[in-house]
Amino acid sequence: MPDISRFGVIGCGLMGSGIAEVAALRGLDVIVAESTPELAAAGRDRVAASLDRGVLRGKLTGADRDRALARLSFTHDLGKLADRQFVIEAVAERREVKLEVFRQLDKVLTDPDVVLATNTSSIPVVDLAVATGRASRVVGLHFFNPVPVQKLIEVIPALTTSADALDRARSFATEQLGKEVIQAPDRSGFVVNALLVPYLLAAVRMVESGAARPEDVDRGMELGCAHPMGPLRLLDLIGLDTAQAVAESMYEEFKEPLYAAPPLLQRMVAAGHLGRKSGRGFYAYDA
Ligand code: CAA
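Residues numbered from 1 in each chain as written. Predicted model: local features only at pLDDT ≥ 70, side-chain atom pairs only at ≥ 80, totals over all residues. Heavy atoms only, no water.

J.: What is the right way to look at unusual backbone geometry in this model?
T.: Glycine aside, a negative phi is what most residues show, and trans is what most peptide bonds show. Residue Pro 146 is bonded to the preceding Asn 145 through a cis peptide linkage, with omega at 0°. Locating Pro 146 in the fold gives a position in the loop between β6 (138-143) and β7 (152-157). Phi at Phe 190 is positive, roughly 50°, even though this residue is not glycine. Structurally, the position occupied by Phe 190 is in the loop between β8 (180-183) and α7 (192-208). Backbone geometry at Lys 255 places phi at a positive 50°, although glycine is not the residue there. Locating Lys 255 in the fold gives a position in the loop between α10 (240-254) and α11 (263-270). (Helix = DSSP H or I, 4+ residues; strand = E, 2+ residues; numbered from the N terminus.)

J.: Would you mind showing me how to read the sheet that holds strand β3 (residues 72-75) here?
T.: In a beta sheet, neighbouring strands are held together by backbone hydrogen bonds and run either parallel or antiparallel to one another. Here 8 strands make up an open sheet; going across it, the order is β3-β2-β1-β4-β5-β6-β7-β8 and the pairing mixed. Only two strands of the sheet have a single neighbouring strand rather than two, namely β3 and β8. Sheet twist, expressed as the average angle between the axes of neighbouring strands with direction ignored, equals 25°. Across 5 bridges, strand β1 (residues 6-10) lies against strand β2 (residues 29-33) in parallel orientation. If you follow Phe 7 over to β2, its bridge partner there is Val 30. (Pairing = 2+ DSSP bridges. Axes fitted to C-alpha atoms, helices over the stretch in contact; angles between N-to-C directions.)

J.: Explanation requested: a nonpolar patch on the surface in the structure shown.
T.: Together, Ile 182, Val 191 and Leu 195 give the surface a local cluster of nonpolar side chains, amounting to about 250 Å² of exposed area. With respect to the helices, strands and loops of the structure, Ile 182 is situated in strand β8. Given the relative accessible area of 32%, Ile 182 is considered partly exposed. (Patch = residues over 30% accessible without salt bridge, like charges linked within 9 Å, V, L, I, M, F, W, Y side chains within 5 Å. Areas by Shrake-Rupley, 256 points an atom, 1.4 Å probe, with all protein chains shown as cover. Salt bridge = Lys/Arg side-chain N within 4 Å of Asp/Glu carboxyl O. Buried < 20%, exposed > 50% of the residue type's maximum accessible area, 1.4 Å probe, protein only.)

J.: How should the site of the ligand be read in this particular structure?
T.: Not every one of the 17 residues close to the ligand is listed here, only the nearest: Arg 57, Lys 59, Ser 121, His 142 and Asn 145. Contact between the ligand and His 142: an oxygen atom at 2.8 Å from a side-chain N or O atom of the residue. A distance of 2.7 Å separates a nitrogen atom of the ligand from a polar atom in the backbone of Asn 145. When the free accessible area of the ligand is taken as 1,000 Å², the share hidden by the protein chains comes to 62%. (Near = heavy atom within 4 Å. Polar contact = N/O pair within 3.5 Å; in protein donor to acceptor, adjacent residues only side chain to side chain.)

J.: Sorry, what's going on with the pattern of salt bridges here?
T.: Should their charged atoms come close, side chains of opposite charge can pair. A full pass over the atoms with the stated rule returns 17 salt bridges. With a shortest N-O distance of 2.7 Å, Asp 29 and Arg 84 are connected by a salt bridge. On the criterion of sequence distance, the pair formed by Asp 29 in strand β2 and Arg 84 in the loop between β3 and β4 (86-89) is long-range, its members being 55 residues apart. On the basis of relative accessibility, which here comes to 3%, the residue Arg 84 falls in the buried class. For the salt bridge of Asp 241 with Lys 277, the shortest nitrogen-to-oxygen distance reads 2.8 Å. A residue pair is termed long-range when its members are at least 10 positions apart, and Asp 241 in helix α10 and Lys 277 in the segment after α11 qualify at 36 residues. Overall, the relative accessible area of 28% leaves Asp 241 in the partly exposed class. Through salt bridges with shared partners, a single ionic network connects Arg 6, Asp 29, Asp 83 and Arg 84.

Shape descriptors only; they carry no functional weight alone.
What follows is the structure, given as C-alpha cells:
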C-alpha cells in the first residue's frame with residue numbers, strides 16, 4: 001500500500017490542531033480547513049504556538065518547526081481538499097455539524113480510494129458514513145488530548161467500512177503518524193470514553209454534592225492511583241463543553257444514568273466555564 005502524502009484535516013480546535021501538527025512533523029503535506037478565514041488564521045496560530053513550545057522545551061529544533069510549518073496550509077474553502085488521499089474531520093462534537101461536513105466532503109473529494117475518518121468521541125461512525133455516497137471508505141480514528149503526547153488512537157470500523165479502508169486507517173495511524181491503535185466498537189463512547197466518562201461525571205457529582213473539594217478529588221487520584229492528572233483537571237483539559245456533548249451522546253444511546261451530565265457540568269458550560277480553553281473551569285488558568 002503506498003503511503004499517504006496528501007492529508008487533510010477539517011477543524012483546527014484542540015484536536016484538529018494537534019492532529020495537523022503531528023502529521024506535519026511526520027512529513028505529510030497537510031491542508032487544514034476551517035469554516036471562516038478568522039478561524040483558519042486562529043488555527044494556524046494554535047499550531048505555530050505549539051511548535052514554538054516544542055522548540056522552547058528542546059523537543060524540536062527551529063528547523064523542525066519551520067519544515068513542519070512549510071508543510072501546513074490553512075483554508076476556509078473545503079474545495080481545496082479535493083486531491084486529498086486521507087481526510088480527518090475534527091469539528092465540534094455536534095451531530096448536525098459533523099453530518100454537514102461529511103456531506104460536503106463527499107462532494108469535493110476526487111480520489112476514489114480516499115479514506116474519510118472522523119475523530120468523533122461518541123457519535124456513531126455509521127451515521128456519518130451513510131451521509132456520504134462512499135460509506136465503505138468512512139472509518140473512526142479517535143485521538144486523545146494532547147494529541148502530540150498521547151500514544152493511542154482508537155480505530156473504529158463502522159458496519160459499512162471496507163477491509164481496505166480499515167487497513168489503510170490502521171497503517172496510516174501506526175506507520176505514518178507513529179501512534180498505537182486499539183480496535184474499538186462503533187458504540188457511543190467506544191472503549192476509552194465508555195470507561196472514562198462515568199468516572200469523570202462521578203467526580204463532578206462528588207463536588208456538586210459538597211462531599212469533597214476539587215483539589216482533594218484530584219490529589220486523591222493523582223497520588224493514590226498515580227493518574228497523571230485528577231478527573232477535574234482532566235475535564236478542564238478536555239473542555240467541559242466537549243465532555244458534556246460526549247456524555248449526552250452516550251446517555252442518548254444507552255439511557256444509562258451514570259452517563260447523564262450532572263447539573264453542575266451543564267451550568268458551568270452555560271456560564272462559559274469550559275476549562276483551560278476559556279481560562280476557567282474547576283480551576284482558573286492564565287489567559
Ligand atoms: N504538545 C506537545 N508536548 C506536550 C504537550 C503538548 N500540547 N503538553 C505536554 N507535553 C509534553 C511536555 O513537553 C512534557 O514532555 P517531557 O516529559 O518529555 O518533558 C510532557 O508532555 C509532560 O508535560 P508537562 O511537564 O507540561 O505536564 P505534565 O507532566 O503535567 O503532563 C499531560 C501533562 C501530558 C497533559 C499529562 O498530565 C497527561 O497525560 N494527562 C492525562 C491526559 C489524558 O488523560 N488525556 C485523555 C483525555 S480523553 C480524550 O482526549 C478523549 C475524549 O474523547 C474526551
